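Architecture at a glance
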Amino acid sequence: MEVTTTTTSIEGMFSTFPDEILGSIVSFLPKESALETSLISKRWRQLWNQVLLAHGSLHDITAVLAKFLANFEEHDPLKHPRKLHFHYVHHQEQEEDSVMLATIATNSKLLLDFSVSDDINHKELEARYDLQLIMPQKHVPSSPSSSTFLVKTLHLKSVRDLTSVVVSSIVSNLEHLENLVISDCSGLKSLLIESESKLHKLSILDCLHLKYLHLRTSKLKSFRYRGLLPRIWPESHFNLTHAKLDFRLGPISSDFRSEDFDESLLTIKNSEVLTLCQWTFEALIWPSISPSSCNFIFYKLKELCWIGSHKDENSINALVSFLKLCPALEQLSFKIDPKSYSYWGSRTKFSCFKQATKYKELQHLKLIRLMGFTNRVEEISVAKRLVGLVAMSGKVPKIEASDGTHIE
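Residues numbered from 1 in each chain as written. Predicted model: local features only at pLDDT ≥ 70, side-chain atom pairs only at ≥ 80, totals over all residues. Heavy atoms only, no water.

Going by an unreviewed UniProt entry, the chain carries the name F-box protein and comes from Arachis hypogaea.

**A look at the sheet that holds strand β12 (residues 231-234)**
Stated formally: Two strands qualify as a pair provided DSSP detects at least 2 bridges between them. Each helix is a run of H or I in the DSSP string that is no shorter than four residues. Each strand is a run of E no shorter than two, and both are numbered from the N terminus. With axes taken as lines fitted to C-alpha atoms, and helix axes fitted only over the stretch in contact, angles between N-to-C directions fall between 0 and 180 degrees.
Strand order across the open sheet formed by four strands is β5-β8-β10-β12, with parallel pairing between neighbours. Of all the strands in the sheet, just β5 (129-134) and β12 have a single pairing partner and so form its edges. On average, adjacent strands in this sheet sit at an angle of 10 degrees to one another, irrespective of strand direction. Here strand β8 (residues 188-194) runs beside strand β10 (residues 212-216); their pairing, made up of five bridges, is parallel. For S190, the partnering residue across the bridge sits in β10 and is Y212.

**Considerations on the layout of surface pockets**
To find the voids left in a structure, one rolls a probe of water-molecule size over its atoms. Threshold: Cavity and pocket criteria rest on a 1 Å grid covering protein atoms alone: a 1.4 Å probe that fits but cannot get out defines a cavity, protein on both sides within 12 Å along at least 5 of 7 lines defines an open pocket, and an atom within 4 Å of a point defines a lining residue. Grid points are joined across faces, edges and corners, and a volume is the space filled by probe spheres set on the points.
For the second largest pocket, the calculated volume is near 230 Å³. Considering the residues around the second largest pocket, the lining is formed by 18 residues, among which K244, L274, T275, C305 and K335 are closest to the centre.

**Some details on the nonpolar core**
Note the following rule: Side-chain atoms within 4.5 Å link the members of a nonpolar core, which is a set of buried Ala, Val, Leu, Ile, Met, Phe, Trp, Tyr and Cys residues. Note on classification: 1.4 Å probe, protein chains only; a residue is buried when its accessible area is under 20% of the maximum for its type, exposed when over 50%, partly exposed between these limits. Start and end points for every domain follow an automatic or database-based domain assignment. The criterion used for residue contact is that any of the two residues' heavy atoms lie within 4.5 Å.
L180 and F322 are the most contacted members of the largest nonpolar core, which totals 101 residues. By residue number, the principal contributor to this core is helix α9 (residues 278-289), which donates seven residues. A domain-level breakdown of this core finds at least three residues from each of domain 2 (51-116 + 127-137 + 148-220) and domain 3 (239-407). Among residues more than four places away in sequence, those in contact with F322 are L274, L276, F281, F298, L301, L304 and W306.

**Brief notes about helix α5 (residues 61-71)**
The condition that has to hold: In this description, one arc is meant: the one made by directions from the helix axis to the C-beta atoms.
Among all positions in α5, only I61, L65, F68 and L69 are buried. Take α5 and look down its axis: the buried residues cluster within an arc of 95 degrees, on one side only. The exposed residues of α5 that point more than 90 degrees off its buried face are A63 and K67. Contacts made by the buried residues of α5 are with β1 (51-57), β2 (83-89), β3 (98-105), β4 (109-113) and α7 (164-171).

**Describing the packing of α5 against α7**
What counts is decided by this rule: Crossing handedness is defined as follows: a turn of the near helix away from the far one that is anticlockwise and smaller than a right angle gives a left-handed crossing, while the clockwise case is right-handed. Put simply, Ala, Val, Leu, Ile, Met, Phe, Trp, Tyr, Cys and Pro go in the nonpolar bin, Asp, Glu, Lys and Arg in the charged bin, and everything else, Gly too, in the polar bin.
At a closest axis distance of 9 Å, the pairing of α5 and α7 adopts a crossing angle of 40 degrees. Handedness of the crossing formed by α5 with α7: right-handed. Contacts between α5 and α7 involve I61, T62 and L65 from the former and V166, S169 and I170 from the latter. Each residue belonging to the contact of α5 with α7 can be placed in one class, and the counts come to four nonpolar, two polar and no charged.

**Overview of the pattern of salt bridges**
What counts here: Each reported salt bridge corresponds to a side-chain nitrogen of Lys or Arg within 4 Å of a carboxyl oxygen of Asp or Glu.
In the structure shown here, the tally under the stated rule is 14 salt bridges. The shortest N-O distance in the salt bridge between D260 and R231 comes to 2.7 Å. Of this pair, D260 sits in the loop between β13 (242-246) and α8 (262-268) while R231 sits in strand β12, and the two are 29 residues apart along the sequence. Here R248 ties to D246 by a salt bridge, and the two come within 2.9 Å at their closest N and O atoms. Residues joined in a network through salt bridges with shared partners are R231, D255, R257, E259 and D260.

**Some details on empty space enclosed by the protein**
The tally for this structure, following the rule as stated, stands at one cavity of 30 Å³ or more. By volume, the largest cavity amounts to about 80 Å³. What lines the largest cavity is simply L215, F223, I232, P234, F238, L240, L245, F261, S264, T267 and I268. Of all the secondary structure elements, the ones that give two or more residues to the lining of the largest cavity are β12 and α8.

As structure tokens, then:
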């Protein structure tokens, strides 16, 4: 009761202040505490959600966005709107405006959302296009009107054919970019990303038409991909510490060969955290390393998320064979997804996995997390099989079942 009364009195006190005073108060707070003021009341939420409306053509987007960022003051986040809705037309015949939504978030994040309304011609959604995102390599002297807000994380959502050139132009001016997220880009066929200095994290999610991914990113340390596996060309070699390769939808092309994945395989060899689909190991990794499996070891891998499509003996053999290449593993998540792509070409040769792979005891395994199992008996059987890989001198790992309970 006391808490409610105190909160109400605080809201009443603030309700008498003009917006400018409230913004001034926020400017003195740390970033995390400042954002929490949006939870005080509806009025505070409205202050944080103020939107700047603007209209123009497609070619005006770069200039309008630059002005929007230049006006934003990170130390005084309520002085100017943090959201921009820019309405534009592609051509004179277009009846409905397209909208770009720009949102400035905490920790130097910028979201650009080009989601297309249902009224837009479906031909624009289906058009295939190439996208080149080349970040500046040299420092560009800033002008007096340049923004003090430095974009370090950029999320590009729903880029289309007609907005691809504008997006390339925007990215070419982001010299401080460290983290890039690209999602839901229907029609994106080919993607080039170039950053030889700053870019450390890259996520590409649900771009289901992507066939070619060209990476010139020598400093990349974290890579997350969800969707059909494209042909990946890491032109600049890099060693990933975090690699989440969710290719459960399968390859983009039916003629994908294990050799096409060799360069990508080298980038994940020194990963500490890895997500991998069973079929990716069966079809693309095992054929390349099996002649020298004793020498190809994931020495630094500590956390593995394994996505399988079946619970049969062959599937368990594939997982066990990979685990024997991971002597430093501490945590294993084994997820069953019946909809995940299956590589049936491996069914006849995986019985020899145990003999072909040099045994590496899992001396550091502390946790096994099972997900997606519907049969308790099968789940316990799998758990026992995995525990059998732990070195005799090691402590039995904790086992979490699919229903959240523990298996003893």
